[in-house]
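Architecture at a glance
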Amino acid sequence: NKRKSEYRVSDRAVFYKIGFLKKKEVFVCPVDGKILPISEVNDPVFSQEMMGPGFAVVPTSKVVVAPMDGDVVTVFPTSHAFGIKSKNGIEMIIHIGIDTVELNGKGFKPLVKQGDVVKAGDALVEVDFDVLKSEGKDPTCMIIFPNKEKFSIVKPHSNVTTGQDNIIEFNK
């Protein structure tokens with residue numbers, strides 16, 4: 001005869017094995033600012049989702065952080081974009097500014113390198129947005145999901161802060 005507590009432990013193991021109790025993916029805002037639908041970005045490559053669905057934040061702070069735990073799979077040589085892959089396979093590109101590749105790294109101070117492991121909220125790059133603006137570049141930060149993850153913005157056009165969670169919800 002099994003005790004009641006033994007059933008609970010084995011039931012939990014079964015639920016975990018088939019995915020009911022998997023840890024939920026933590027996703028935090030990468031930068032202070034105003035969150036926007038990707039369709040409102042001033043670049044058709046992003047607004048028409050040519051790179052995948054995503055959202056944007058018009059930044060008001062200078063440090064951009066990792067939105068999720070994962071591996072830094074790409075750091076562009078100009079430090080204007082970073083690729084992260086989560087343990088659950090969600091891939092994202094954090095792209096800082098529009099046409100900022102043309103600055104060849106001016107205004108960007110990378111704080112991670114390819115191969116680093118990051119936690120949600122770890123600093124990726126320090127950005128001097130005044131330099132971007134003085135060079136005529138739109139500072140909007142885009143977070144793109146190239147594998148077409150489905151999600152929704154919880155409160156579009158609201159002010160968000162670095163590290164804030166519940167800014168988007170992944171749809172199953």
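For the structure, see preceding data.
Residues numbered from 1 in each chain as written. Predicted model: local features only at pLDDT ≥ 70, side-chain atom pairs only at ≥ 80, totals over all residues. Heavy atoms only, no water.

Turning our eyes to something else, we now look at the state of the cysteines. By the definition in use, this model includes 0 disulfides. Between cysteine 29, a cysteine without a disulfide, and cysteine 141, which holds the nearest cysteine sulfur, the sulfur-to-sulfur distance is 9.2 Å. By relative accessible area, which is 0% here, cysteine 29 ends up buried. Given the relative accessible area of 1%, cysteine 141 is considered buried. (Disulfide = S-S within 2.5 Å. Buried < 20%, exposed > 50% of the residue type's maximum accessible area, 1.4 Å probe, protein only.)

Next up on the list: the sheet that holds strand β9 (residues 123–127). Spatially, the 3 strands line up as an open sheet ordered β3-β9-β7, and their pairing is antiparallel. Unpaired on one side and paired on the other, β3 (63–65) and β7 (108–110) mark the two borders of the sheet. Averaged over all neighbouring strand pairs, the angle between strand axes comes to 20°, with direction disregarded. By the bridge criterion, 3 bridges tie β3 to β9 in an arrangement that is antiparallel. By the bridge assignment, valine 65 is partnered in β9 with alanine 123. (Pairing = 2+ DSSP bridges. Helix = DSSP H or I, 4+ residues; strand = E, 2+ residues; numbered from the N terminus. Axes fitted to C-alpha atoms, helices over the stretch in contact; angles between N-to-C directions.)

Another aspect to go through is the environment of valine 64. By the element assignment, valine 64 lies in strand β3. Relative accessible area serves as the criterion here: at 1%, valine 64 is assigned to the buried category. With 30 residues separating them in the primary sequence, valine 64 and isoleucine 94 have C-alpha atoms 8.9 Å apart. If we ignore the near neighbours within four places in the chain, the residues touching valine 64 are Pro30, Val31, Ile94, Ile96, Asp122, Ala123, Leu124, Val125 and Val127. (Contact = heavy atoms within 4.5 Å.)

Here we take up the packing of aromatic side chains. Enumeration over the complete set of coordinates arrives at 6 aromatic pairs. Aromatic pair phenylalanine 145 and phenylalanine 170: ring centres 5.7 Å apart, planes at 80°, arrangement edge-to-face. Of the two residues, phenylalanine 145 sits in the loop between β10 (141–144) and β11 (151–153) while phenylalanine 170 sits in strand β13 (residues 168–170), which places them 25 residues apart along the sequence. A relative accessible area of 0% means that phenylalanine 145 is categorised as buried. (Phe/Tyr/Trp six-rings, centres within 6.5 Å; stacked < 30°, edge-to-face > 60°.)

If you look at soluble globular proteins, the nonpolar side chains tend to sit buried side by side. Judged by nonpolar contacts, the single largest core of 34 residues is most densely connected at Phe27, Phe55, Ile96, Leu124 and Phe145. Secondary-structure elements contributing two or more residues to this core are β2 (54–59), β4 (70–75), β5 (81–85), β6 (91–96), β9, α3 (129–134), β10 and β11. Apart from residues lying up to four places away in sequence, phenylalanine 55 is in contact with Phe27, Ile35, Leu36, Ile38, Cys141, Met142, Ile143, Phe145, Phe151, Ile153, Ile167 and Ile168. Counting residues in hydrophobic clusters, the runner-up holds 9 residues, among them Phe46, Ala56, Ile98 and Met142. (Core = buried A, V, L, I, M, F, W, Y, C linked by side-chain atoms within 4.5 Å.)

With that out of the way, let us pick up the pairing of strand β1 (residues 33–37). Note on strand geometry: in a regular strand, side chains alternate between the two faces of the sheet. Summarising the sheet, β1 and β2 pair through 5 bridges and their orientation is antiparallel. Looking at β2, one finds that isoleucine 35 is bridged to valine 57. Sheet topology note: the β1/strand β12 (residues 159–160) ladder contains 2 bridges and is antiparallel. For glycine 33, the partnering residue across the bridge sits in β12 and is valine 160.

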